[in-house]
Amino acid sequence: MIHFDKVSKIYTDKSVALEEISFSIEPKEFVSIVGHSGAGKTTLLKMLLAEESPSKGKIFFESTDIHSLSKTQINEFRRKIGVVFQDFRLIPNKNVYENIAFAMEAAGRTDEEIEADVPHVLELVDLSKKIWNFPHELSGGEKQRVSIARAIVNQPDVIIADEPTGNLDPLNTYDIVQILKKINDLGTTIILTTHNKGVIDSLKKRVLTMENGRIIRDDKEGKYII
Amino acid sequence: MWIKIKRVIRAGFFSFWRNGFISLSSILVMVVTLFVIGSTIFSGVILRSTLDQIKEKVDINVYFLTTIEEPEVLSMKENLEKLPEVAPPIVYVSREDALAEFQKKHENDEITLQALDELGANPFGATLNIRAKEPSQYESIAKFLESNNSLSSDGEVIIDKVNYYQNKDVIDRLTRVINSANKLGLILTILLIGISILITFNTIRLVIYMSRDEISVMRLVGASANYIRGPFFVAGAIYGFISAIVTLILFYPITIWLGGTTENFFVGLNIFHYYANNFGQIFLIIVGSGVFIGAVSSYLAVRKYLKV
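Computed from a predicted structure; not experimentally measured. Numbering of residues begins from 1 in every chain and follows the order in which that chain's sequence is written. Naming scheme: in the order in which they are written, chains are lettered from A and ligands are numbered from 1. Per-residue local features of the predicted model are confined to residues with pLDDT of at least 70, and side-chain atom pairs are confined, for both listing and counting, to 80 or more; whole-chain, interface and lining totals are unaffected and use all residues.

## Points about the sheet that holds strand β4 (residues 159-162) of chain B
Residues and elements named next belong to chain B.
(1) Moving on: Judged by pairing direction, the sheet is antiparallel, and its four strands sit side by side in the order β2-β3-β1-β4 without closing on themselves. Sheet topology places β2 (86-93) and β4 at the edges, where each strand pairs with a single neighbour. Across the sheet, the mean angle from the axis of one strand to that of its neighbour is 20°, orientation sign disregarded.
(2) Moving on: Any two strands between which DSSP finds at least two bridges are classified as paired. Numbered from the N terminus, helices here are DSSP runs of H or I no shorter than four residues, and strands are runs of E no shorter than two. In the sheet, strand β1 (residues 60-64) pairs with β4 via three bridges, with the strands oriented antiparallel. Opposite Y63, over in β4, you have K161 as the bridge partner. Working convention: axes come from line fits to C-alpha atoms, limited for helices to the stretch in contact. Angles between N-to-C directions cover 0 to 180 degrees.

Here it is in structure tokens:
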């Protein structure tokens with residue numbers, strides 16, 4: 001489904017963010033990517049989202065080379081991927097409903113679909129009561145659940161979660177991981193990056209370990225080993 | 001398509017309303033800009049009307065010798081009326097009329113009247129008052145009077161003096177002063193308008209800078225560039241529109257307050273009457289500039305954050 005083919009990213013001659021990375025991710029997989037800060041995790045995700053282009057190599061989504069897409073095609077491609085960030089990135093002057101509705105509007109869905117789907121995903125992340133609240137009225141865990149709801153509302157093929165638990169306490173971390181697992185069980189591919197050993201060890205899913213821009217381990221039921 | 005436009009406009013209104021304080025500050029800055037633009041219109045009108053009024057006041061008075069008889073003056077008048085530069089009618093003041101006018105003017109001034117009586121004869125010559133169609137044509141009319149045409153049929157001098165050359169200096173100088181004031185004013189206002197547009201642009205850029213995360217999120221959920229830009233564009237236009245209305249309201253008391261002063265000082269132009277009579281045009285200019293500046297600033301400012 002996703003295939004990195006000898007991808008390198010070199011910013012200047014000395015700064016190599018990624019070096020000849022190759023791996024594949026199958027549909028419905030739950031893959032965690034671990035590594036120190038600066039190991040290249042975020043660069044890798046940015047390339048998958050077509051935010052940055054590789055210096056060498058190709059990235060395929062299904063059979064299309066992502067970086068050969070036009071701007072309009074990139075917009076359409078991004079609607080197949082849901083993104084969850086460490087810092088939530090909710091739109092501050094929109095309430096919970098509108099934050100999620102916005103992603104659907106961007107995808108060109110009708111008002112009827114939006115009115116039906118938004119409450120439904122909020123139920124999935126257990127946040128129905130806060131539908132009319134603004135982001136500043138929510139706790140960190142709640143914000144992250146809104147951000148997950150926004151990521152899944154367009155029923156994407158893949159969810160990318162970039163250190164989604166980095167700003168959360170253990171209880172909220174546990175909740176968020178459970179939600180991600182539930183989404184995975186429903187058939188969505190999940191790519192998760194994290195520094196949290198507990199999360200990785202409890203997941204018992206595939207783990208890619210990165211160091212200095214390379215993948216040094218790829219374990220089927222991996223643990224957090226650095 | 002229609003649903004997208006509806007959503008963009010709605011989002012624009014919401015972002016305007018919910019960013020209350022930021023919207024307010026942008027509006028204040030834009031009011032200053034529009035105020036400068038409005039003041040430019042008014043000062044231009046004042047200067048132009050003053051210049052016109054002064055030009056109106058220019059004329060040529062031809063004073064004839066006291067010995068000249070009426071038919072000769074009238075034939076001269078006829079000759080002058082044939083000139084293409086002369087704007088009819090030429091006003092003829094006979095010797096008797098001139099005397100009567102003088103007496104009327106000094107009816108409370110015994111000594112002057114006595115002195116006039118002692119002269120015995122009427123000391124006033126007949127006069128012709130001539131206006132040209134264009135101020136620039138006075139020169140040629142004056143030349144015509146100077147030339148042989150100013151002599152009677154038997155070659156005698158009939159004109160005592162032509163007062164054009166005395167006024168000419170003063171008028172020329174005033175025209176120059178007003179013209180250069182106009183030019184300086186224009187340069188200054190262009191500069192001021194430029195600066196205030198830049199300030200407005202920067203204010204809006206700051207507003208959008210604060211939304212840069214929002215823009216990047218919109219980009220990552222797959223919104224198209226125009227769909228992201230739309231609400232900012234709409235909000236910018238709203239800033240402009242509201243600022244324009246505020247400016248137009250502000251001009252109301254200000255022009256009333258200045259109206260009397262301008263009427264006395266600038267020969268009869270009441271700025272408030274001008275504002276009231278040309279409201280439609282001024283409304284269009286101010287609102288148009290406001291919406292244009294707001295919308296274009298937003299459009300350009302968002303561009304920078306759309307590269308993701």
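Having seen it, we continue.
## Section: the interface of chain B and chain A
(1) Moving on: Two residues qualify as being in contact provided that their C-beta atoms, derived from the backbone, are within 7 Å of each other. Contact with chain B, which involves 15 residues of that partner, is made by 14 residues of chain A.
(2) Moving on: Sorting the residues of the side of chain B that touches chain A by element identifies α1 (2-18) and α8 (212-220) of chain B as the ones contributing at least two each.
(3) Moving on: In terms of residue count, α8(B) provides more of the side of chain B that touches chain A than any other element does, five residues in total.
(4) Moving on: Under this grouping Gly is polar, as are all residues other than the nonpolar Ala, Val, Leu, Ile, Met, Phe, Trp, Tyr, Cys and Pro and the charged Asp, Glu, Lys and Arg. Class assignment of the residues belonging to the side of chain B that touches chain A gives a composition of seven nonpolar, four polar and four charged.

## Observations concerning the environment of L180(A)
Residue and element names in this part refer to chain A.
(1) Moving on: The residue L180 is located in helix α6 (residues 170-185) in this model.
(2) Moving on: Here exposure depends only on C-beta density: within 10 Å of a residue's C-beta, 20 or more other C-beta atoms make it buried, 12 or fewer make it exposed, and intermediate numbers make it partly exposed, the C-beta atoms being placed from the backbone. When the 24 C-beta atoms within 10 Å are taken as the criterion, L180 is described as buried.
(3) Moving on: Taking the C-alpha atoms as reference points, L180 and A161, separated by 19 residues in sequence, lie 8.9 Å from one another.
(4) Moving on: Excluding residues that lie within four positions of it along the chain, L180 makes contacts with A161, I190 and L192.

## Section: helix α4 (residues 111-124) of chain A
All names here are of chain A.
(1) Moving on: For α4, spanning 14 residues, the distance from its first C-alpha to its last is 20 Å, which sits close to the expected 20 Å at 1.5 Å a residue.
(2) Moving on: The inward-facing, buried residues of α4 abut α3 (96-106) and α5 (140-152).
(3) Moving on: Phi for D126, located one or two positions after α4, is positive at around 60°. Under the convention used throughout, the expected extent of a helix is 1.5 Å for every residue step, that is, one less than its residue count.

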